Amino acid sequence: MNILKIPLKNSGAEKTAWYIAPMSPIASFQFFRRNKLTLIVPGAVLGAVLALALQSGCASSRVGSPAPAPASPRERLSLDMDWRFTKGDPTNSQVSLLYDVRPQGRGGRGRRGGGAAAPTDAAPAPAPAVIKQWILPTGNDLIKDPAQRHTRPEGNLGGDVPYVQPAFDDSSWEHVNLPHDWAITGPWITNGDGGTGKLPYFGIGWYRKTLDLPKSDAGKSIFLDADGAMSYSTVWLNGQFVGGWPYGYESWRVDLTPFAKPGQKNELVIRLDNPPQSSRWYPGGGIYRNVWLVKTAPVHVAHWGTYITTPDVSAASATVKLKVTVENNSKQGVSVGVATQIFALDSDGNKTGPVVASIIGGLMGIAPGSSLVTEDKTILANPKLWGPYPDQKPNRYVAVTTLMQDGHTVDSYETPFGIRTLKFDPNEGFFINGQHLKINGVCDHHDLGALGAAINERALRRQLETLVDMGCNAIRTSHNPPAPELLDMADEMGLLVMDEAFDCWLSQKNNLDYHVLFADWHEQDLRAQLHRDRNHPCVFMWSIGNEVGEQGGGEAGAAVARGLADIVHEEDPTRPTTSAQNSAGASSPFPKTLDALGLNYQGAGGGLSPNAQYPVFHRNFPTNFVYGSETESTISSRGVYTFPVPQGIGAVAGPNSGEDAPNRQVSSYDLTFTSWATSPDKEFAAQDRYPFVGGQFVWTGWDYLGEPTPFNSRSSYFGIIDLAGFKKDRFYIYQAYWRPDFRMAHILPHWTWPERVGQVTPVHVYTSGDEAELFLNGQSLGRKKKGQYEYRLRWDDLVYQPGTLKVVAFKNGAEWATDVVNTAGAPAALAAAPDRAAIHADGQDLSFVTITVQDAKGVMAPRADNLIHFDITGPGEIAATDNGDATSFESFQSHDHKAFNGLCLVIIRSTKGAGPIVLKASSPGLKGASVTVQAQAPSI
Ligand code: GAL
């Protein structure tokens, strides 16, 4: 028999009630996992005893009172600062730490440009000893079938390796803070693999850090939580092997408790081994996301241990269902009370106002070394719904779950969530909270341009803000689970997220990509992603894979898809499972395994093909939602224009259709695309012709490192926004289409063509209006109206004369917006403009400063490539420089950088001091510029 004490705080003086926890009857429901015991208990059964108690005050009377969160021993501490880092294994080590024997040979689909010699100095020869049997048990909790779980071998893996030893002297290693991308500092491998960005992401890296664990940590559970490390992590504490996780995009936890020494210095060691030929884009290398030390009482809410759903939502009320998994890591059986209070959050994510609903989860008896799930629900009155701007607001709530044992709060765990309804209608498209919403989405990779793969919140927020300005309302996290910060921001900003798991399954795209892990790890990886992300209101679809080879694998390929879809349905039946299909035919078995049918390129018809598959899939799958999971793949370089300009909806890239091969650039008339892809104009027409199509995800929002189709450069040409964050012309054709109520007009190209006087130089205009009149030096060139399925206005016969181009756009006959472009004179001066003039003095915050090369009258010189030098003083540093040129092999860390077509970027990062940061830009022959950014200490 166990005893539970529940403090009743709401009645003024603190009272204590004692209840008898019915341990033995509960135990009879228990079933065993291999090492752990899991029990699923409907709250209604176990809650009865506790409910009685809470009725006397804990539950209902809390509603409406501003109850502070009770103190809990849970701590989540950043482990980002002060690591030692080195590349490569110790030369004198006899021990192989290779995860698994690597398949030999050259993989890769090889259908795309940009490939070159693969790195040669990184692939270790296959070793006789491999360590995967040691690593696999880390994922046991995420394997459903006990028979499939793994047993840790006897002994201590790597105990003899010098770098693992607590006494090893790492003082000569590099001092780094996390998040850290070891490859972004180069050097460029100019003859290397353009596909992965020509940076040295591959190889082995070691990280060491001393943890001071206070004596008071004795008896606590202590975990290491990594949001992501690239890749094949292996962890030791105090010379003892702890665990590891191979997939570099996954978040994972290892339990440090058995090896921790409270009251002493503890040596934490992490080895990464990032294989070459493991990615089709730049993956980065290193511990590139945040890392946390989590301390709890032995009885605590499990890792990602809550799951909230809202099955019934109306204006008057919402049902909030909550599952809580409680772990008992102690050596005794315990009785635990579970109670949850729900608060509204304000737009900054702070709790606001009183408790709006409570859940009395129940009283649970949990055997030692076991876990237990309780499931309960409550009704929340007048719910404020989560929905995307501009028509809705992303209102959020937080559920604060409290565990009580022996009269004490032993855990307090917060689960932010949102309440919204999703409808995926096969004929009418997507609805959120009853309102139709066209998915205006983009695909993006995870890198942050010149900052590399290391997550930085401000850089990511800038990416999302720029996309929102364009009218984007959805992100596809191609082709992997994102940093958790992306989901937090999307929740806050009202962006939808299609959360993707894999770029390949068993069928490889590269020799050492995820296909080598799929068999052993797909279940753990997928369940980890679902557990981590399923409470985020922004997540609206789960994508199990991108263009996987299994699409063409008949029934066998479909069976793999079905296995993954089953896992998704089991973990989260509230959202559809989807996959991005470029080759699955509408009559093949593959799409039958999916809820939502994502089509890559084939929806509108790839290239110039008139063979649109949207209607074919719609016909064959009359009950499924169909949408463009990946569209366009238009290519362009900001500020580059080639002639002749393709007619109609554009052309596949080639010498006379958009390519500037000698300079490895692509024209920005936005009518040039890869053979499998198309232009915005063609995709928009397909979306409008087939209104049942739910919308699209454009490839890509931002340029990214790697995949520089069609040339062998360092970064992509696909982005609507370049690698530095400067908008290409394409930005405005999307803004015109996605924000029809926003007054805008945009002229292209620039108008500085001394060599084209007297030559035909087409002018195109993007506008959210429906008509426009163009003027050259005050003379009208005629008024043009968009026809059906036309998305740009074009003056294709215009003969170039320098001067001023002006467009006046109209909507429904009334003047709507204007734009002006002037011919520039010779470069004469620099101008500097920060995106934020005040930043936090926290060593993380950034100001992105745009440097513009101008003529004497202040007109941007659109072809200037002057070399600019930067000096910085005050409490800030230059985190990176860039100009968005895919062909540039200037170092991202250099304080000297050339402009590309008139623009250059300097990223200033605060140090920890407050005060003015002054950036000076200078260039021979040009008037310099300077800008001040204030670093502000956090307000107390
Ligand atoms: C798609 C693929 C993307 C990217 C894109 C470039 O087929 O899914 O990852 O490679 O092509 O056009």
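Residues numbered from 1 in each chain as written. Predicted model: local features only at pLDDT ≥ 70, side-chain atom pairs only at ≥ 80, totals over all residues. Heavy atoms only, no water.

Quick word on the overall build of the protein chain
Summing up its helical and strand segments, the protein chain has 10 helices and 52 strands in all. Across the 940 residues in the protein chain, those meeting the buried criterion constitute 62%. Nonlocal contacts in the protein chain, meaning residues at least 24 apart in sequence, comprise 73% of its contacts between residues at least 6 apart. As presented, the protein chain carries roughly 33,600 Å² of accessible surface, and 52% of it is formed by carbon and sulfur atoms. (Helix = DSSP H or I, 4+ residues; strand = E, 2+ residues; numbered from the N terminus. Buried < 20%, exposed > 50% of the residue type's maximum accessible area, 1.4 Å probe, protein only. Contact = heavy atoms within 4.5 Å. Areas by Shrake-Rupley, 256 points an atom, 1.4 Å probe, with all protein chains shown as cover.)

What about the pairing of strand E31 (residues 625-632)?
Most of E31 sits out of view: 8 of its 8 residues are buried. For strand E30 (residues 596-600) and E31, the ladder comprises 5 bridges, and the chain directions are parallel. Bridging across to E31, Leu 597 finds its partner in Val 626. Handedness of the β-α-β unit built from E30, helix H8 (residues 614-620) and E31 comes out right-handed. The pairing of E31 with strand E36 (residues 695-699) spans 3 bridges and is parallel. Its bridge partner lying in E36, Thr 631 is registered against Val 698. (Pairing = 2+ DSSP bridges. Right-handed = clockwise from strand over helix to strand, strands pointing away.)

Focus: the sheet that holds strand E11 (residues 240-245)
The 6 strands lie next to each other as E7-E6-E8-E13-E10-E11, forming an open sheet whose pairing is antiparallel. Each edge of the open sheet carries a strand with a single partner, namely strand E7 (174-176) and E11. Each adjacent strand pair in this sheet contributes to an overall mean axis angle of 25°, direction not counted. (Axes fitted to C-alpha atoms, helices over the stretch in contact; angles between N-to-C directions.)

Remarks on helix H6 (residues 515-533)
The end-to-end C-alpha separation of H6 is 23 Å, well short of the 27 Å expected for 19 residues at 1.5 Å each. The sharpest bend along H6 reaches about 80° and sits at Trp 521. The element H6 is largely enclosed, with a buried count of 15 among its 19 residues. (Expected span 1.5 Å × (residues − 1). Bend = angle between axes of the 7 residues up to and from the residue.)

Focus on the site of the ligand
Taken together, 14 residues sit near the ligand, with His 479, Glu 547, Glu 630, Ser 633 and Glu 707 positioned nearest. Residue Asn 546 places a side-chain N or O atom 2.9 Å away from an oxygen atom belonging to the ligand. Here an oxygen atom of the ligand and a side-chain polar atom of Glu 630 are 2.9 Å apart. Bound to the protein, the ligand loses 100% of the 310 Å² it would expose on its own. For the shell around the ligand, the per-class residue count stands at 4 nonpolar, 4 polar and 6 charged. (Near = heavy atom within 4 Å. Polar contact = N/O pair within 3.5 Å; in protein donor to acceptor, adjacent residues only side chain to side chain. Nonpolar A, V, L, I, M, F, W, Y, C, P; charged D, E, K, R; others polar.)

Some remarks on the pattern of salt bridges
Pairing is possible between side chains that carry opposite charge, provided their charged atoms lie close to one another. Under the counting rule described, the total for this entry stands at 43 salt bridges. The shortest N-O distance in the salt bridge between Asp 273 and Arg 271 comes to 3.9 Å. Residue Asp 273 is classed as buried on the basis of its relative accessible area, which comes to 4%. By sharing partners, the salt bridges in this structure join Lys 144, Glu 523, Arg 527, Arg 534, Glu 570 and Glu 571 into a single network. (Salt bridge = Lys/Arg side-chain N within 4 Å of Asp/Glu carboxyl O.)

Regarding helix H7 (residues 554-571)
In a regular helix each residue adds 1.5 Å, so 18 residues correspond to 26 Å; H7 covers 26 Å between its end C-alpha atoms and thus fits that length. Where H7 is concerned, the buried positions are Gly 557, Ala 558, Val 560, Ala 561, Leu 564, Ala 565, Ile 567, Val 568 and Glu 571. Considering only its buried residues, H7 is in contact with strand E15 (299-309), H6, strand E28 (539-546) and strand E29 (577-581).

So, the packing of aromatic side chains
All chains considered together, the criterion is met by 47 aromatic pairs. Relative to Trp 173, the ring of Tyr 163 has its centre 4.8 Å away and its plane inclined at 75°; by these criteria the two rings are edge-to-face. Taken together, the positions of Tyr 163 in the loop between helix H3 (132-135) and E7 and Trp 173 in the loop between H3 and E7 put the pair 10 residues apart, joining distant regions of the chain. Ring plane angle 55° and centroid distance 5.1 Å describe the contact between Tyr 734 and Trp 738, whose orientation is recorded as tilted. You can see Tyr 734 and its partner Trp 738 sitting in helix H10 (residues 730-738), 4 residues apart, about one turn around the helix. Take Tyr 734 and Trp 738: they sit in the same class, and that class is buried. The ring of Phe 742 has Arg 739 lying over it, and the distance from NZ or CZ to the ring centre is 4.0 Å. Stacked on the ring of Phe 810, the Lys or Arg Arg 783 has its end atom at 3.6 Å from the ring centre. (Phe/Tyr/Trp six-rings, centres within 6.5 Å; stacked < 30°, edge-to-face > 60°. Lys NZ or Arg CZ within 6 Å of the ring centre and 35° of its normal.)

Points about the packing of helix H4 (residues 457-470) against H10
Their axes nearest at 8 Å, the elements H4 and H10 cross at an angle of 55°. The pairing of H4 with H10 is recorded here as oblique in orientation. Taking contact as the criterion, the partners of Thr 466, Asp 469 and Met 470 in H4 are, on H10, Phe 731, Tyr 734, Gln 735 and Trp 738. Within the contact of H4 with H10, the residues separate by chemical class into 4 nonpolar, 2 polar and 1 charged. (Parallel < 35°, antiparallel > 145°, perpendicular 65-115°, else oblique.)

As for the sheet that holds strand E25 (residues 439-444)
Taken together, 8 strands build a closed barrel; the order of strands is E25-E26-E27-E28-E29-E30-E31-E36 and the barrel is parallel. For this sheet, the mean inter-axis angle between neighbouring strands, taken without regard to orientation, is 25°.

Looking at the environment of Val 821
Among the secondary structure elements, Val 821 is positioned in strand E43 (residues 814-822). As for Val 821 and Thr 752, which are separated by 69 residues in sequence, their C-alpha atoms are 9.3 Å apart. Apart from residues no more than four positions distant in its own chain, Val 821 is found in contact with Ile 747, Pro 749, His 750, Trp 751, Gly 803, Thr 804 and Leu 805.

Description of the environment of Gln 613
Position of Gln 613 among the secondary structure elements: in the loop between E30 and H8. Sequence-distant contacts of Gln 613, that is, excluding residues within four places in its chain, are made with Leu 599, Gln 602 and Gly 603. A distance of 3.3 Å separates the side chain of Gln 613 from the side chain of Asn 611, its partner in a polar contact.

So, unusual backbone geometry
Residue Leu 178 is joined to Pro 179 through a cis peptide bond whose omega torsion reads -10°. Examined against the element boundaries, Pro 179 turns out to sit in the loop between E7 and strand E8 (203-213). In this chain, Gly 186 is followed by Pro 187 through a cis amide linkage whose omega measures 5°. Assignment of secondary structure puts Pro 187 in the loop between E7 and E8. Of note in this structure, Lys 198 is not a glycine but carries a positive phi near 60°. For Lys 198, the location among the structural elements is in the loop between E7 and E8. Looking at Lys 198, the relative accessible area reads 2%, which means it is buried. The phi angle at Glu 707 is positive, at roughly 40°, despite the residue not being glycine. Relative to the elements of secondary structure, Glu 707 occurs in the loop between E36 and H10.

Considerations on the side chain of Ser 330
With respect to the helices, strands and loops of the structure, Ser 330 is situated in the loop between strand E16 (317-328) and strand E17 (334-345). Given a relative accessible area of 14%, Ser 330 falls into the buried group. A distance of 2.6 Å separates polar atoms of two side chains, one belonging to Ser 330 and the other to Asn 328. Once you skip the residues sitting within four places of it in the chain, Ser 330 turns out to touch Pro 298, Pro 368 and Gly 369.

Remarks on the nonpolar core
Formed by 191 residues in total, the largest nonpolar core has its most connected members in Trp 206, Tyr 207, Leu 224, Trp 505 and Met 541. A total of 6 residues in this core trace back to one element, the largest contributor, which is H6. Ala 297, Val 299, Val 336 and Ala 399 belong to the second-largest nonpolar core, a separate cluster that totals 26 residues. (Core = buried A, V, L, I, M, F, W, Y, C linked by side-chain atoms within 4.5 Å.)

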